[in-house]
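# Structure at a glance
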Amino acid sequence: MMSRNSCSKGLVRDCMKRNLWAIVLSTVGFFMAQLLPVIMTAQHSLSAHKQDLVNLSAADAAASWQGYVESVGEMLGGQNVFVKLAVIILAVTCGVSMFAYLHNRRKVDFYHSLPISRSRLFAVDYATGALCALVPYLVLHALSIVSACAMGFGEVVNASLIGVIASNVIFFFLLYAMAAVTTILCGNTVITLLLGLWVYFGPTLVTALWQSLKNMFFQTYVMDASMASLLFCNKFAPLIQYFGVNGTKMYNWAVEPVYTMDYSAGLQESSAIGLLIGYAVAAIVVTALALFLFRIRKSERAGTALAFNPIKLPVKIIICVVMGTAFAEIFKMLVYESELWFWVGLVLGTVIFHCVVEIIYAFDFRAIFRKPLQMVIILAVLAVGLLLMQKDVFGYDKWLPDEGSIAAAAPMGYVGESALLSEPENIAAARQLAALGVESLNNTDENAQKACITVTFKLKNGKVKSRSYELPATDEVFTLKKQIYQSAEYKQKAWSLFALGEVNEGYHRNIVFYTNGDGYNGVGTLSDSQKAQEIIDTLKAETLTHTGDAMPVLRMEFSQQNNDDYISEGAVCVTDKDVKTLALIKKYANIVPKAVSAKNVKLVTLSIYLPDKDIWQGVQVTDRADIDALLKNAVNIDAMNLYGSNAMAYGIMQQFARSSVCLTYTDEKGDEWNASAGYTEEDYPKDIIEKYRAQAEKDAENGVESAQDGDVAYTTEVAVG
């Protein structure tokens, strides 16, 4: 009789021999995914660099060489998607194949009759699958490093490659262990693959469905994630998260949408060490679970759908709930957001997949009618749960944080922690806006003017929550917004003026100037970096000294450039209160503010809102005195680029509940422009506009239809009746 040790050694040899195909597949796979791309990229880079040495200057050739080095580094490092795909395919393939014999009664009887414990048999099978995949990977990764060095790209070889290798090994073991568990749980290989799809992709599907339900049922819901973050932020979907990891770094996808301020907040690299440690622990736990299930698995369960009867009901419930919800959402989307078809889809999806699961469990089509009571209970519980969401029984829409629990806030979508406002008065104003939004939830007045706003709170416990509201266009709302947008903290965190950094080496900073009267035509450029910096510093100091309404009179666009490159840095307005800045601009660029000249205005159209009819009615202004009054202290919204929070920052906010003022004019060059006029609150020409309200109402009664395209209104004569 063989000893346990000799038997174990023999089984290891036999396993390796029987699974020689896995070694060959792994070798070919990693050769195509790792070694070959490195050699091909390096060869192409050397050829291109040879041409660069002939066609470019030494400095430019050196710069392009760094790009080639980075390309080789990507193929050798954690950005190589081909290696990730190979790791995933081999982890699943080896995990299933090493334990697939459990699905065959003859093989199970043979292996379980060997004089070896279940634990040792599991260790042999598990180790064999891992060695078949990882040894070729490590060998070919080492050959790739040697090849890169031999071809002159040795600088890409650094300590970060250790993190890349560790990352790939950790993800392999986790995905491999998950495949082993699903194989042991099932008694049929096809069912194993189907269950594997649920295990790997189910968390992402559930996340997507949950977000969709909240978007459907909650009035204040803000989409938790962009598609990118939906894919890469779910820690329970390691297969998908794998593509967001680059060695010991990972893409930090913003969980909340980016609306303004910081456009680079959506995608950054942060440390992945914590995630990798968590996944390494998870791999150990899942492996231990696989061993436990392997030891207690009954041999006679080979050939059945699931090897453990107690998990049949939970698996069926999960499938029915998820697919029933998916059918409901798909039906509603297909039938023009029909609520009726949402419930029809819910019933059909739940019933169909309950029947399918029962057929699979029994391997018999006659099982379609089995356990109807379970189906009814699952459907009823799911429907009740969705009704509770629809009625917002748990108060999602009415949620408001205690002011003392708020660490920072902003009256817009989440844009990165650096842009959230932490001063107490700004937090209080943001919370009050949210409170007004909650109060307006039950406002059913369709004629009431509303403005959408998203308020984001970062709580002291670290959580970030956002809610979207339709706020009434009241003086209180207007005042709260102005308080925030005109605060020094907001300016310092949100304005591109305060985000301007040092001028890059080899570049100089430009400022292009625009006025109210010149449309989108720049009226001058300042290319002296030192003078530009003096203007910037002066404006920074001045703009923090005033928080009231100010009239923008110039717009400055910032950029850096050299002979070959141009980097845009944003824009900012100069107001009539920025006296020192205006003096410097005149001194260094010989540019002064210019208003829209009344003599150049060809047409003024007022678009007046009529709440009784819920329409915007366009009225043309021809009286020269009225035109002069409308142009006095008017700001060219388009030339100054004053939209959204930009307009609020300067106190320029058109009261759309009253009217909008649209101009057609020509500049001194003869170019024709359309523009929207804006005013500070104290300069708003209310008397002139109200003078034309009667005409707007009369035109509406007489069938003069009014249409509005963006901020430009126009009227069209139509026959009455």
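Here, every reference points to the structure presented above.
Predicted, not measured: the structure shown is a model, and the values here were computed from it. (Residues numbered from 1 in each chain as written. Predicted model: local features only at pLDDT ≥ 70, side-chain atom pairs only at ≥ 80, totals over all residues. Heavy atoms only, no water.)

Let's shift gears to the nonpolar core. For soluble globular proteins, nonpolar side chains are generally found buried alongside one another. Core analysis: the largest hydrophobic core is formed by 73 residues, its most contacted members being Phe30, Phe99, Phe172, Tyr176, Ile184 and Phe294. Element by element, the count of residues in this core is highest for helix H7 (residues 160-185), at 13 residues. In contact with Tyr176, other than residues within four places in its own chain, are Ala91, Cys94, Gly95, Met98, Asp125, Tyr126, Gly129 and Ala130. Counting residues in each nonpolar core, the second largest holds 55 residues, with Ala494, Ile511, Leu539 and Ile591 among its members. (Core = buried A, V, L, I, M, F, W, Y, C linked by side-chain atoms within 4.5 Å. Buried < 20%, exposed > 50% of the residue type's maximum accessible area, 1.4 Å probe, protein only. Helix = DSSP H or I, 4+ residues; strand = E, 2+ residues; numbered from the N terminus. Contact = heavy atoms within 4.5 Å.)

Sheet architecture is open: three strands sit in the order E4-E5-E6, paired in antiparallel fashion. Looking at strand neighbours, the two that pair on one side only are strand E4 (406-410) and strand E6 (464-472), the edges of this open sheet. Each strand of the sheet is rotated relative to its neighbour by a mean of 25°, with strand direction disregarded. (Pairing = 2+ DSSP bridges. Axes fitted to C-alpha atoms, helices over the stretch in contact; angles between N-to-C directions.)

Attention now moves to the sheet that holds strand E9 (residues 552-561). Taken in spatial order, the four strands line up as E8-E7-E9-E10 in an open sheet, and their pairing is antiparallel. The sheet is open, and its two edges are formed by strand E8 (524-526) and strand E10 (566-575), each paired on a single side. Sheet twist, expressed as the average angle between the axes of neighbouring strands with direction ignored, equals 25°. Inspection of the sheet shows E9 paired to E10 by nine bridges, in the antiparallel sense. Opposite Arg555, over in E10, you have Cys573 as the bridge partner.

Its place among the elements puts Asp699 in helix H23 (residues 693-701). No salt bridge is formed by the buried Asp699, whose closest oppositely charged neighbour, Lys698, lies at an N-O distance of 6.7 Å. Looking at Asp699, its side chain comes within polar contact range of the side chain of Gln695, at 2.9 Å. When neighbours within four sequence positions are excluded, Asp699 is seen to be in contact with Gln617, Gly618, Val619 and Val704. (Lys, Arg positive; Asp, Glu negative; His and termini not counted. Salt bridge = Lys/Arg side-chain N within 4 Å of Asp/Glu carboxyl O. Polar contact = N/O pair within 3.5 Å; in protein donor to acceptor, adjacent residues only side chain to side chain.)

What follows covers the packing of aromatic side chains. Taken as a whole and judged by the stated rule, the model has 26 aromatic pairs. Ring geometry for Phe122 and Phe294: centres 5.6 Å apart, planes at 50°, overall tilted. Placement of Phe122 in helix H6 (residues 118-150) and of Phe294 in helix H11 (residues 273-296) is noted, with a sequence separation of 172 residues between them. Across this residue pair, the class does not change: Phe122 and Phe294 are buried. Here the aromatic rings of Trp399 and Phe457 are separated by 6.2 Å at their centres, their planes lie at 75°, and the arrangement is edge-to-face. You can see Trp399 sitting in the loop between helix H14 (372-390) and E4 and its partner Phe457 sitting in strand E5 (residues 450-459), a full 58 residues away along the chain. For Phe457, a relative accessible area of 0% gives the class buried. Feature note: the residues Phe99, Phe122, Tyr126, Phe172, Phe173, Tyr176 and Phe294 constitute an aromatic cluster, connected by ring pairs. One residue, Lys332, lies across the ring of Phe342, its end atom 6.0 Å from the ring centre. (Phe/Tyr/Trp six-rings, centres within 6.5 Å; stacked < 30°, edge-to-face > 60°. Lys NZ or Arg CZ within 6 Å of the ring centre and 35° of its normal.)

Another point: the packing of H7 against helix H8 (residues 189-217). With their axes 9 Å apart at the nearest point, H7 and H8 run at an angle of 135° to one another. Relative to H8, H7 is oriented oblique. You can see that H7 and H8 cross each other, and the crossing is right-handed. Residues Leu175, Met178, Ala179, Thr182, Thr183 and Leu185 of H7 touch H8, and the partners they reach there are Thr192, Leu195, Gly196, Val199 and Tyr200. (Parallel < 35°, antiparallel > 145°, perpendicular 65-115°, else oblique. Left-handed = near helix turned anticlockwise from the far one by under 90°.)

Glancing now at the environment of Leu379. With respect to the helices and strands, the residue Leu379 is situated in helix H14. Since its relative accessible area comes to 19%, Leu379 is described here as buried. The spacing of Leu379 and Val321 is 58 residues in sequence and 7.9 Å in space, taken between C-alpha atoms. Leu379 has contacts with Leu346, Val347 and Thr350, leaving out every residue within four places of it along the chain.

Our next topic: a nonpolar patch on the surface. On the surface, a cluster of nonpolar side chains totalling about 460 Å² of accessible area is made up of Leu20, Val24, Val28, Phe31 and Met32. Tracing the chain through its elements places Val24 in helix H2 (residues 20-55). For Val24, a relative accessible area of 47% corresponds to the partly exposed category. (Patch = residues over 30% accessible without salt bridge, like charges linked within 9 Å, V, L, I, M, F, W, Y side chains within 5 Å. Areas by Shrake-Rupley, 256 points an atom, 1.4 Å probe, with all protein chains shown as cover.)

This part takes up H2. Look at H2: 51 Å from first C-alpha to last across 36 residues, which is about the 52 Å you get at 1.5 Å a residue. The largest bend in H2 amounts to roughly 40° and is located at Phe31. (Expected span 1.5 Å × (residues − 1). Bend = angle between axes of the 7 residues up to and from the residue.)

With a phi angle near 50°, Asp392 is a residue other than glycine that sits in the positive phi range. Considering the arrangement of structural elements, one finds Asp392 in the loop between H14 and E4. On the accessibility criterion, Asp392 (17% relative accessible area) is buried. One non-glycine residue, Asn590, adopts positive backbone phi at about 55°. Turning to its location among the elements, Asn590 is positioned in the loop between helix H19 (579-589) and strand E11 (601-610).

As a further point, take the pairing of strand E7 (residues 508-515). Counting buried positions over the eight residues of E7 gives six, a clear majority of the element. Pairing analysis gives three bridges linking E7 to E8, with the strands arranged antiparallel. Residue Ile511 lies in a different strand from E8, and its bridge partner there is Leu526.

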